[in-house]
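Structural description and commentary
In case you want the letters, here they are:
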Amino acid sequence: MKKSVSLLLILVFCLCFSACGKTELLSPETSETQKSEGVTENISQTGNGGGSEKSEPASREEVSSEPAIPDYIRRWYDRLEGNWFAVDKEGLVCSEYVINGDGKITINNETYTMKLTTQESWEWASIDVLKEDGTKAYDMRIDLRNGGLVEMSFIYQDKNGDYYREDQVEAVELTKDNWLNYFELGEFVGIGFNAFNEYERMFVQPQYRLKEAYLNKLVPEISSGAVECSVKYETRNIEMIPSEKKYIWGDFVKESTPYTYKVTERLAQITAEEKDGKYINGFGFVYASFGLYDLEEDYVGQDQCPTLEEVHRIAGTLYFYTGKE
C-alpha cells in the first residue's frame, strides 16, 4: 500500500513540472523579447562586417553623399568668384552682386544657389539662379573672351545687361585734359567699285582712334562716350589715286572761303586700316569725310580739306581689361 501511494505522489510531481515547463516556453513576453534581441544583434553584426563588436547603423548622409563637382565646373566657379558690377544701362536689375566659390551668389543682399550648365570644351556656361525652394529667380550666361576676360549677361524677365568683375577691369573717365593720352589721329580710306569692277568712288574719313596699346585691352561693349568739336573746311588742290588707295593734298586755293562746322559724335567702334591693307575694327570717332563719286580713273582737282580745330568737350568711360585668366 505504501509503495502504491509513493508511486502516485511521484507521478503527480512529474505532471506538475511538465506543465510549468510548457507555460514558460509559450509565454508571449519571453518570446518577443528574445526575437527582438536576436534581430538587433544581427543588424549590428551585419553593419560591422560580421565582427564581434557591435556598431551603430550607417547614417543616411553617409549612404547618399553628393557626387564630387567635376573639374571643368570647378574652373568656372573659380573664374566667377568675386565682386561684379554693372555699367549704367537701362533695365538692369542690380548694380552689383557677389559670387562665392561654394556656388552661392548674392544679389541685392539675397543669397541664391547657382546651377551651371556647360561642357568641358565650351567657352561659355549658362546659370540658373535658384531660390531656396528650387524655383528659378534669374538667368545668367557667362562668356570667356580672348585674353581671359569673363563677362556676364544677366537676364531677369524682359530686362538684361552686362556685368564685369571688379578685379578684371579698370575704368578711365575721359576729360579734355587726358583724352589725347589714349587717342591718336588716323584715317580710313575706302574704295568703291561698280558692277563691272571699275572704280566708282574714293572716300576718306579722318578720325581719332584709340591707340593700339589700349585697343588690345579695351572692353568695347561697355565703353562709351561723346565728343563735341569744331571742324574747319578749306578748299585745296588734291590728287587721288584709287589704284594705290592714296591721295595727295596740294596748295590751298586762295580765293576760297573757309567755313567751320560744329560736330558732335559718339565714341564707338569704327573701321580702321592696317598697314598691310587689311581692315580692322578700331574705337574712336570720325569727325569728317571727303572724297569723290563717279570716279573712273585717277583724279587731279580740288576738294574740301577738313581740319579738327578744337575739341570743346569730351566725356565717357573707357573700360580696360586688367584681370587674370
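Residues numbered from 1 in each chain as written. Predicted model: local features only at pLDDT ≥ 70, side-chain atom pairs only at ≥ 80, totals over all residues. Heavy atoms only, no water.

1. Re the confidence of the model for the protein chain
- Of all residues in the protein chain, 69% attain a pLDDT of 70 or more, and the chain-wide mean is 76.
- Within the protein chain, helix H2 (residues 28-47) has the poorest average pLDDT of any element, 41, and strand E12 (residues 224-241) the best, 95.
- Note that residues 20-55 has pLDDT below 50 and, in this model, eight contacts with residues that lie over four places away or in other chains. (pLDDT = per-residue confidence, 0-100. Helix = DSSP H or I, 4+ residues; strand = E, 2+ residues; numbered from the N terminus. Contact = heavy atoms within 4.5 Å.)

2. Brief notes about the packing of aromatic side chains
- Using the criterion set out here, one finds 18 aromatic pairs in the structure.
- Measuring from centroid to centroid gives 5.1 Å for Trp 249 and Phe 290, while their planes differ by 45°, and the two rings are tilted. In this pair, Trp 249 sits in strand E13 (residues 246-252) while Phe 290 sits in strand E16 (residues 290-293), placing the two residues 41 residues apart along the sequence.
- Here Phe 290 falls in the buried class, since its relative accessible area comes to 6%.
- Put simply, the rings of Trp 179, Phe 183, Tyr 208, Phe 285 and Tyr 287 touch in pairs and so form one group of aromatic residues.
- The cationic tip of Arg 236 hangs over the ring face of Phe 252; the distance from NZ or CZ to the ring centre is 4.3 Å. (Phe/Tyr/Trp six-rings, centres within 6.5 Å; stacked < 30°, edge-to-face > 60°. Buried < 20%, exposed > 50% of the residue type's maximum accessible area, 1.4 Å probe, protein only. Lys NZ or Arg CZ within 6 Å of the ring centre and 35° of its normal.)

3. So, the environment of Arg 141
- Structurally, the position occupied by Arg 141 is in strand E6 (residues 136-144).
- Residue Arg 141 is classed as partly exposed on the basis of its relative accessible area of 33%.
- Spatially, the C-alpha atoms of Arg 141 and Ala 125 are 5.8 Å apart, while their sequence positions differ by 16 residues.
- In terms of polar contacts, Arg 141 uses its side chain to reach the side chain of Asp 143, at 3.0 Å. (Polar contact = N/O pair within 3.5 Å; in protein donor to acceptor, adjacent residues only side chain to side chain.)

4. Observations concerning helix H4 (residues 71-80)
- Residues Ile 73, Trp 76, Tyr 77 and Leu 80 constitute the buried set of H4. Projected onto a plane normal to the axis of H4, the buried residues spread over an arc of 100° and lie on a single side.
- Just downstream of H4, Gly 82 is the residue with a positive phi angle, here 140°. (Arc of directions from axis to C-beta.)

5. Quick look at the pairing of strand E15 (residues 279-286)
- Pairing between strand E11 (residues 199-210) and E15: three bridges, direction antiparallel. Across the sheet, Tyr 208 pairs through a bridge with Phe 285, a residue of E15.
- Across six bridges, strand E14 (residues 259-273) lies against E15 in antiparallel orientation. Note on E15: the bridge partner recorded for Ala 268 is Gly 284. (Pairing = 2+ DSSP bridges.)

6. Overview of the pattern of salt bridges
- Under the defined criterion, the tally for this structure stands at nine salt bridges.
- The closest approach of N and O atoms between Glu 200 and Arg 201, which form a salt bridge, is 3.3 Å.
- Classification of Glu 200 as partly exposed rests on a relative accessible area of 32%.
- Residue Arg 201 is classed as partly exposed on the basis of its relative accessible area, which comes to 27%.
- When the shortest N-O distance is used, the salt bridge between Arg 313 and Glu 228 registers 3.3 Å. Taken together, the positions of Arg 313 in strand E17 (residues 299-321) and Glu 228 in strand E12 put the pair 85 residues apart, joining distant regions of the chain.
- For Arg 313, a relative accessible area of 54% corresponds to the exposed category.
- Three or more residues joined by partner-sharing salt bridges are found here, namely Asp 128, Lys 136 and Asp 139. (Salt bridge = Lys/Arg side-chain N within 4 Å of Asp/Glu carboxyl O.)

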